[in-house]
Amino acid sequence: MTRGPSTDKGLFTQLQTDFAAEVERLSQLAASQLSDPSGKGLATVELAIRTAVLKIGGSLLEGLLDFDSGHRGPRVDCGEGHQAEFSDYREKTVDTVLGAVRLRRAYYNCPDCGHGRLPKGEDLGVVGSSLSPGLRRMVDRVG
């Protein structure tokens, strides 16, 4: 399932609304906290802005990932020389650099060999992992 221009516009309109509300909230927080002479106000505002940016970024990423459900038609190659048939959609939560996002993927099952395929998960590199490739690289650097 691929989204069309009207749903694209809806996603971006919602993101703009969310962004504007978050900027207003942060502006009010900054006005009340930045005059704190101890310097704690600046730390509070910095953390609030960082949290808000990650939240908005995660919402944007989730919306973009939802544009394509991974449906590739009624059948796909199963990888063992057979045709796997579309079965249903499966959801997965993936931890990303921006936070956890929900991912909806088309699932195909092969009646001949029993292998399952999730083309969208394969394309994104998240089959068998709950971490996005970007977060896995960050974890590897730390480790």
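What you see is a predicted model, and the numbers here were worked out from it, not measured in a lab.

Caption draft 1: How the structure looks around the pattern of salt bridges. This model, assessed by the stated rule, comprises 7 salt bridges. Where Arg25 meets Glu22, a salt bridge forms, and the shortest distance between an N and an O atom there is 2.6 Å. Taken together, the residues span about one helical turn, with Arg25 and Glu22 both in helix H1 (residues 5–33) at a distance of 3 residues. Accessibility expressed as a relative area gives 13% for Glu22, which makes it buried. Two residues, Asp68 and Arg72, come together in a salt bridge whose shortest N-O distance is 3.1 Å. On the accessibility criterion, Arg72 (35% relative accessible area) is partly exposed. Overlapping salt bridges bring together Asp66, Glu91 and Arg102 as one network.

Caption draft 2: Highlighting helix H2 (residues 40–65). Between the first and last C-alpha of H2 there are 37 Å, a value that for 26 residues agrees with the 38 Å anticipated at 1.5 Å per step. Burial in H2 covers these residues: Gly41, Val45, Ala48, Ala52, Gly57, Gly58, Gly63 and Leu65.

Caption draft 3: Structural context of the state of the cysteines. Enumeration over the complete set of coordinates arrives at 0 disulfides. Between Cys78, a free cysteine, and Cys113, which holds the nearest cysteine sulfur, the sulfur-to-sulfur gap is 3.7 Å. The exposure class assigned to Cys78 is buried, which follows from its relative accessible area of 6%. Distance from the sulfur of Cys110, which forms no disulfide, to the nearest cysteine sulfur (Cys113) is 3.6 Å. Taking relative accessible area as the criterion, Cys110 reaches 1% and is therefore assigned buried.

Caption draft 4: Examining the environment of Ile56 more closely. Along the chain, the position of Ile56 falls in helix H2. Along the primary structure Ile56 and Phe19 are separated by 37 residues, whereas in three dimensions their C-alpha atoms are 7.0 Å apart. Here Ile56 is in contact with Leu15, Phe19 and Glu22, once residues within four sequence places are set aside.

Caption draft 5: Expanded view of the sheet that holds strand E1 (residues 75–77). Ordered by their spatial adjacency, 4 strands build an open sheet running E1-E2-E3-E4, and the pairing between neighbours is antiparallel. Of all strands in the sheet, those with a lone pairing partner are E1 and strand E4 (116–117), marking the two edges. Two elements, E1 and strand E2 (residues 83–96), share 3 bridges in a ladder whose sense is antiparallel. Pairing of Arg75 across the sheet is with Glu85, part of E2. Along the sheet, H2 contacts E2 and strand E3 (99–109); its crossing angle with E3, the most-contacted strand, is approximately 10 degrees.

Caption draft 6: Geometry of the layout of surface pockets. The calculated volume of the largest pocket comes to roughly 160 Å³. Surrounding the largest pocket, Leu61, Leu65, Val94, Thr96, Val97, Leu98, Val101, Leu103, Leu124, Val126, Ser132 and Pro133 form its lining. For the lining of the largest pocket, the secondary-structure elements that each account for two or more residues are H2, E2 and E3. Residues belonging to the lining of the largest pocket are distributed by class as follows: 10 nonpolar, 2 polar and no charged.

The rules behind these values
Residues numbered from 1 in each chain as written. Predicted model: local features only at pLDDT ≥ 70, side-chain atom pairs only at ≥ 80, totals over all residues. Heavy atoms only, no water. Salt bridge = Lys/Arg side-chain N within 4 Å of Asp/Glu carboxyl O. Helix = DSSP H or I, 4+ residues; strand = E, 2+ residues; numbered from the N terminus. Buried < 20%, exposed > 50% of the residue type's maximum accessible area, 1.4 Å probe, protein only. Expected span 1.5 Å × (residues − 1). Disulfide = S-S within 2.5 Å. Contact = heavy atoms within 4.5 Å. Pairing = 2+ DSSP bridges. Axes fitted to C-alpha atoms, helices over the stretch in contact; angles between N-to-C directions. 1 Å grid on protein atoms, 1.4 Å probe; cavity = no way out; pocket = protein on both sides within 12 Å on 5 of 7 lines; lining within 4 Å. Points joined across faces, edges and corners; volume = space filled by probe spheres on them. Nonpolar A, V, L, I, M, F, W, Y, C, P; charged D, E, K, R; others polar.

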